[in-house]
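Here's the letter readout for the chains.
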Amino acid sequence: MSWGTELWDQFDNLEKHTQWGIDVLEKYIKFVKERTEIEINYAKQLRNLSKKYQPKKNSKEEDEYKYSSCQAFLATLNEMNDYAGQHEVVSENMTSQITAELARYVQELKQERKMHFHDGRKAQQHIETCWKQLESSKRRFERDCKEADRAQQYFEKMDADINVTKADVEKARQQAQLRHQMAEESKAEYSSTLQRFNHEQHDHYHTHIPNIFQKIQEMEERRIIRIGESMKTFAEVDRQVIPIIGKCLDEITKAAESIDQKHDSKLVVEAFKSGFEPPGDVDFEDFTQPIKRTVSDSSLTNSKDGKPESRFSSKSKGKLWPFIKKNKGGGPEDFSNLPPEQRRKKLQQKVDELNRDIQKEMDQRDALTKMKDVYIKNPQMGDAASVDLKLAELAQNLEKLRLEAQKFEGWLAEVEGRLPARTEPARRQSGMYEPQNTLTVNNCAQDRESPDGSYTEEPSQESEVKVPAPEFDDEFDDEEPLPTIGTCKALYTFEGQNEGTISVSEGETLFVIEEDKGDGWTRIRRNEDEEGYVPTSYVEVFLEKNAKGAMTYI
């Protein structure tokens, strides 16, 4: 069914209908745009929700996420973040595949519609012009016929009148003939114009208008098809993210199934275990007998040299450990107010933290040293002297951190029941910067009672521990030669100006006799008479398999 044949006279209604179709398309575009805004806002709210419940760094909440239930909750938050991302994908795809495409199509549709109706109006104006020409020709023919009739009647009247001169009669006859000729010409012109109009009218209603209306019909049908395709895309965009959303939900389910209540219970024990034994029976004190009270072997005692001594002094007011009020203050630096097990954990955490800080400072020092070497080789890149101040500052920071680490290592060794003996790599850890001195670590747990009356711990070792000052060994001749455990290649030139170090040149290959113990130094040997320490970052080490497994590190 064609609009050109069925709706040949409905030009105005077709114009209104096609405008309505464009309005419908624009309404759908607005609908999709609002849907994308909803998806974006929803995704934003989900991300904010996930961020709100994320554990804050360096806070108590971060420690709580060692439990499996909290880890599952954290996994849920992360998956919700990914879930929000899929809604953002929906918004982006709808914007690019529907909103943007339809917006461009609407502009093209408006231009095409404007062109077709312009052609229709032009054809309409043409047929109207032809009609006006026909009407004008018709009126002129009618007028000329009337004028010819009047001229003929006047001639006949003059010819019948005997009083009129012959000349006047002849003049009237000529006038009548002229008017009759003009009427014939008008008739011929009217006939020609009529034929031409009928031809134009036939072409207008059977050719031009049907072609224009057919194009308008095709344009409207394309619009309908396009809006249907957009609706399919609308559904397909949602369907594409369903598998990923399903994976997010599967991961949440998997995280929930990974919750282990027994593991969490074990972590509670590890977190709060004091390390104390439950108190024994309290002895009966008979005040009727003038005898000195003694403490039973089943009580909480700690004997030294055969002399019993109460675990709880008179300041504890007879309160047993499980019921002692906790100290709300900051506590001493060595965590001596905590039970042994908790104190050991705190000290270990502190030692690990200090070691990380030391490693960070050493990395900065190595980087600045390399930068200084570059400046020395290429003065145009920078002033080498400008790095010295920063290197000196780093050296001071390393000194402070190492002394602090030694102090806490001493306390940790005390808690673990071993003397805090310094190994050789530890002694040489800061040999380039540390002064020759001796660090004394006081046994803070000796004969003390925590401010809250917690417990008293007798020393199981010397009251003072002498820790040798970190320095390089003065000489290697007094030691038995160490076996070779691998080889190394010097990455940079190192001038060993300090005692115990050895100079190496870039590209030189040497023997490794002692690997890095965590202090940043590796002991190497050039020949039987030359050996010493070099910075680990200056060499590439290749350990033998029979030493400590095949490994390579820089």
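Structural data are supplied above this passage.
Residues numbered from 1 in each chain as written. Predicted model: local features only at pLDDT ≥ 70, side-chain atom pairs only at ≥ 80, totals over all residues. Heavy atoms only, no water.

**Here's the deal with the overall build of the chain**
Link 1 in the chain: Along the backbone of the chain there are 10 helices and eight strands.
Link 2 in the chain: Put simply, the chain has 554 residues, and 34% of those count as buried.
Link 3 in the chain: For the chain, contacts bridging at least 24 residues in sequence account for 71% of all contacts bridging at least 6. (Helix = DSSP H or I, 4+ residues; strand = E, 2+ residues; numbered from the N terminus. Buried < 20%, exposed > 50% of the residue type's maximum accessible area, 1.4 Å probe, protein only. Contact = heavy atoms within 4.5 Å.)

**Re the pattern of salt bridges**
Link 1 in the chain: For the coordinates displayed, the defined rule picks out 24 salt bridges.
Link 2 in the chain: Arg226 serves as the salt-bridge partner of Glu101, at 3.9 Å between the closest nitrogen and oxygen. Here the residue Glu101 occupies a position in helix H4 (residues 68-160), and Arg226 occupies one in helix H5 (residues 166-257), the gap between them amounting to 125 residues.
Link 3 in the chain: On the basis of relative accessibility, which here comes to 30%, the residue Glu101 falls in the partly exposed class.
Link 4 in the chain: Among the salt bridges present, the one from Glu514 reaches Arg523, with a minimum N-O distance of 3.6 Å. The residues Glu514 and Arg523 share a single accessibility class, namely buried. (Salt bridge = Lys/Arg side-chain N within 4 Å of Asp/Glu carboxyl O.)

**Describing the environment of Gly520**
Link 1 in the chain: Inspection of the secondary structure assignment puts Gly520 in the loop between strand S4 (509-514) and strand S5 (521-525).
Link 2 in the chain: Residues Gly520 and Pro535, spaced 15 residues apart in sequence, show a C-alpha to C-alpha distance of 5.9 Å.
Link 3 in the chain: Ignoring any residue separated from it by four or fewer positions in sequence, one finds Gly520 in contact with Met362, Val534, Pro535 and Thr536.

**Here we look at H5**
Link 1 in the chain: For H5, which comprises 92 residues, the first-to-last C-alpha distance of 133 Å matches the rise-based estimate of 136 Å (1.5 Å per residue) to within 8%.
Link 2 in the chain: Along H5, the helix axis deviates most sharply at His204, where the bend reaches about 45°. (Expected span 1.5 Å × (residues − 1). Bend = angle between axes of the 7 residues up to and from the residue.)

**With respect to the packing of aromatic side chains**
Link 1 in the chain: For the coordinates displayed, the defined rule picks out 12 aromatic pairs.
Link 2 in the chain: Judged by centre distance (5.2 Å) and plane angle (90°), the ring pair of Phe408 and Trp411 falls under edge-to-face. Of the two residues, Phe408 and Trp411 both sit in helix H8 (residues 385-415), three residues apart, roughly one turn of that helix.
Link 3 in the chain: By relative accessible area, Phe408 is classed as buried at 2%.
Link 4 in the chain: Above the face of the Tyr105 ring, Arg226 is positioned so that its terminal group lies 4.7 Å from the ring centre. (Phe/Tyr/Trp six-rings, centres within 6.5 Å; stacked < 30°, edge-to-face > 60°. Lys NZ or Arg CZ within 6 Å of the ring centre and 35° of its normal.)

**Focus on the environment of Asn78**
Link 1 in the chain: Structurally, Asn78 can be placed in helix H4.
Link 2 in the chain: For the pair Asn78 and Glu251, spaced 173 residues apart in sequence, the C-alpha to C-alpha distance is 9.8 Å.
Link 3 in the chain: Sequence-distant contacts of Asn78, defined by excluding residues within four places in its chain, comprise Ser50 and Gln54.

**Some points on the side chain of Arg35**
Link 1 in the chain: By the element assignment, Arg35 lies in helix H2 (residues 11-52).
Link 2 in the chain: Here Arg35 falls in the buried class, since its relative accessible area comes to 17%.
Link 3 in the chain: Of the polar contacts made by the side chain of Arg35, one reaches the side chain of Glu39; its length is 2.8 Å.
Link 4 in the chain: Beyond its immediate sequence surroundings of up to four residues, Arg35 is in contact with Val90, Met94, Phe234 and Asp238. (Polar contact = N/O pair within 3.5 Å; in protein donor to acceptor, adjacent residues only side chain to side chain.)

**Some remarks on the nonpolar core**
Link 1 in the chain: Core analysis: the largest hydrophobic core is formed by 31 residues, its most contacted members being Leu25, Tyr28, Met94, Ile98, Phe213 and Ile216.
Link 2 in the chain: For this core, the secondary-structure elements that each account for two or more residues are H2, H4 and H5.
Link 3 in the chain: Here this core gets 11 residues from one element, more than from any other, and that element is H4.
Link 4 in the chain: Residues contacting Tyr28, with those up to four places away along its chain left out, are Ile98, Leu102, Ile227, Ser230, Met231 and Phe234.
Link 5 in the chain: Listed in part, the 16 residues of the second largest apolar core include Trp521, Ile524, Val539 and Leu543. (Core = buried A, V, L, I, M, F, W, Y, C linked by side-chain atoms within 4.5 Å.)

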